[in-house]
Amino acid sequence: MRAVQYDRFGSMPVIVELPAPKAPADGVVVAVRATGVCRSDWHAWKGHDDSVALPHVPGHEFSGIVAAVGSDVSGFAVGDRVTAPFVFACGTCEQCRDGATQVCTRQQQPGFTLPGSYAESVVVPHADVNLVALPDEVGFAEAAGLGCRFGTAYHALHARGRVAAGEWVAVFGCGGVGLSTVLVAVAAGARVVAVDVSPAALERAAALGATTLQMGEDVTATVREVTGGGAHVSVDAYGSRATSVAAVDSLRPRGRHVQVGLLLDDEAAPAIPMGRVIADELELLGSHGIAVGEYAAMLDDVVAGRLRPAESIGSTIGFDDLPGALEAMDRPATGSGMTVAVF
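No experiment lies behind these values; they were computed from the predicted model shown.

Thresholds, definitions, all that
Residues numbered from 1 in each chain as written. Predicted model: local features only at pLDDT ≥ 70, side-chain atom pairs only at ≥ 80, totals over all residues. Heavy atoms only, no water. Helix = DSSP H or I, 4+ residues; strand = E, 2+ residues; numbered from the N terminus. Expected span 1.5 Å × (residues − 1). Buried < 20%, exposed > 50% of the residue type's maximum accessible area, 1.4 Å probe, protein only. Pairing = 2+ DSSP bridges. Axes fitted to C-alpha atoms, helices over the stretch in contact; angles between N-to-C directions. Parallel < 35°, antiparallel > 145°, perpendicular 65-115°, else oblique. Left-handed = near helix turned anticlockwise from the far one by under 90°. Contact = heavy atoms within 4.5 Å. Nonpolar A, V, L, I, M, F, W, Y, C, P; charged D, E, K, R; others polar. Salt bridge = Lys/Arg side-chain N within 4 Å of Asp/Glu carboxyl O.

Novice: Teacher, can you tell me more about helix H5 (residues 149–160) here?
Specialist: Every α-helix winds through 3.6 residues per turn, so residues three or four apart in the chain are directed the same way. Along its 12 residues, H5 runs 15 Å from first to last C-alpha, staying within 8% of the 16 Å computed at 1.5 Å per residue. Counting buried residues in H5 gives 9 out of 12 residues, a clear majority hidden from the surface. Listed in full, the buried residues belonging to H5 are Arg-149, Phe-150, Gly-151, Thr-152, Ala-153, Tyr-154, His-155, Ala-156 and Leu-157. Positioned one or two residues after H5, Arg-162 has a phi angle of 55 degrees, which is positive.

Novice: Where do I start with the sheet that holds strand S8 (residues 168–172) in this structure?
Specialist: Sheets are built from strands that pair by backbone hydrogen bonding, the pairs being arranged parallel or antiparallel. Taking strand neighbours across the sheet as the criterion, the 6 strands line up as S10-S9-S8-S11-S12-S13 in an open arrangement whose pairing is parallel. In this open sheet, the two strands that pair with only one neighbour each are strand S10 (211–214) and strand S13 (283–286). On average, each strand axis in the sheet is tilted by 20 degrees relative to the strand beside it, whichever way the strands run. Where S8 and strand S9 (residues 191–196) come together, 5 bridges link them in parallel fashion. Its bridge partner lying in S9, Trp-168 is registered against Arg-191.

Novice: I'm lost on the packing of H5 against helix H11 (residues 295–304) in this one. Help?
Specialist: The description of two packed helices rests on the angle between their axes and on the distance between the axes. At a minimum axis separation of 11 Å, H5 and H11 run at an interaxial angle of 110 degrees. Judged by the inter-axis angle, H5 sits roughly perpendicular to H11. For H5 against H11, the interelement crossing comes out right-handed. On H11, the residues that touch Phe-150, Gly-151 and Tyr-154 of H5 are Ala-297, Met-298 and Asp-301. Partitioned by chemical class, the residues of the contact of H5 with H11 number 4 nonpolar, 1 polar and 1 charged.

Novice: How do you make sense of unusual backbone geometry when you look at a structure like this?
Specialist: Excluding glycine, residues mostly carry a negative phi; peptide bonds, for their part, are mostly trans. Note that the residue after Leu-54, namely Pro-55, is joined by a cis bond; omega there is -10 degrees. Relative to the helices and strands, Pro-55 is located in the loop between helix H1 (39–45) and strand S4 (62–69). Its identity is not glycine, yet Glu-281 carries a phi of approximately 50 degrees, on the positive side. With respect to the helices and strands, Glu-281 occurs in the loop between helix H10 (274–279) and S13.

Novice: Would you mind going over the packing of H5 against helix H6 (residues 176–187) with me for this structure?
Specialist: It is at 8 Å that the axes of H5 and H6 come closest, and there the two elements cross at 50 degrees. Our classification of the angle between H5 and H6 gives oblique. Pair H5 / H6 crosses with right-handed handedness. Packed against H5, whose contacting residues are Arg-149, Phe-150, Ala-153, Tyr-154, Leu-157 and His-158, the element H6 presents Gly-176, Val-177, Ser-180, Thr-181, Leu-183, Val-184 and Ala-185 at the interface. Taken together, the residues of the contact of H5 with H6 break down into 8 nonpolar, 4 polar and 1 charged.

Novice: Where do I start with the pattern of salt bridges in this structure?
Specialist: As a working rule, side chains carrying opposite charge can pair if their charged atoms are close by. Taken as a whole and assessed by the stated rule, the structure comprises 13 salt bridges. With its nearest N and O atoms 2.9 Å apart, the salt bridge here joins Arg-224 to Asp-249. In this pair, Arg-224 is assigned in helix H8 (residues 219–227) and Asp-249 in helix H9 (residues 241–249), connecting sequence segments 25 residues apart. Here Arg-224 falls in the partly exposed class, since its relative accessible area comes to 29%. With relative accessibility at 23%, the residue Asp-249 sits in the partly exposed group. Here Glu-327 ties to Arg-331 by a salt bridge, and the two come within 2.9 Å at their closest N and O atoms. Each of Arg-224, Asp-249, Arg-276 and Asp-280 takes part in salt bridges that share partners, so that together they form one network.

Novice: Would you take a moment to explain the pairing of strand S11 (residues 231–236) for this structure?
Specialist: For a regular strand, side-chain orientation follows a simple rule: the groups alternate between the two sheet faces. The buried count for S11 comes to 6 of 6 residues, which makes it a mostly enclosed element. The pairing of S8 with S11 spans 4 bridges and is parallel. In the strand pairing of S11, Val-171 is matched with Val-235. One ladder, built from 5 bridges, connects S11 with strand S12 (residues 251–259); its direction is parallel.

Below, the structure is given as structure tokens:
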């Protein structure tokens, strides 16, 4: 099969020929039809994730068709349209038994601990636990983001942030996760204020229903003014000291902050105002992917048109464009929305 691979962190990825994978007894091989180009892939490529072994095939958000099935798999067959969360759970640990597959203690991740979906085929272990059937009404391109960016936003707002209709949600960072968060919040009946440095990203967020603000020194005061005292829920969808601190500071008393964006290297230890966290009884919540059990409700909303993940897509590329798309993330984005490779 063809796959995108790099053998040094930060070196230009190349397209190579690799042996086609075989299905393990409890797993399947998925013929990839679409895969997202995510900032987490960029972090792995830059060497920010110590779980990545070289040489490496990136990619962790995908959709496709089951091409081969292991002997122990009972819930899926060759030809099924599928997707999967980027956390491949074991299905047997305490967290999995409780339904929290997104924090499985024995998890594996395509594009990080396993070969990923920048390839014509990808293996999904424990398929009866991790694989998700894709309704015919949901296209491969829009389904690719359900395993990471859109699914992450859904979990962050509903399972972690407990968003309610009429509440204010402040979204810091309007990339793929941030725009997905705007879509999910608006669909939930919330009011949204979105913050970014990019005029193109803010224009896209405004088109999706958000009030938009340019990131700057006084942005938290402006958020509080726009929301009439502060957001009920804030989401750092970017991942930096500046955005995480500003997001927490934009909350009203008893507000909930959800940290989605990864904080790595020099950004790993933001100076959160813990005095205010105590005095105003703020909640600080981490959010990691999406549980397999949440897909049914999310897909019902997609099929019904209440959620529109296709609107978070900024550009569609081909397989041959994947190396350049990953390398381009070294530079400031010129567009908005998530990039999806369809092949």
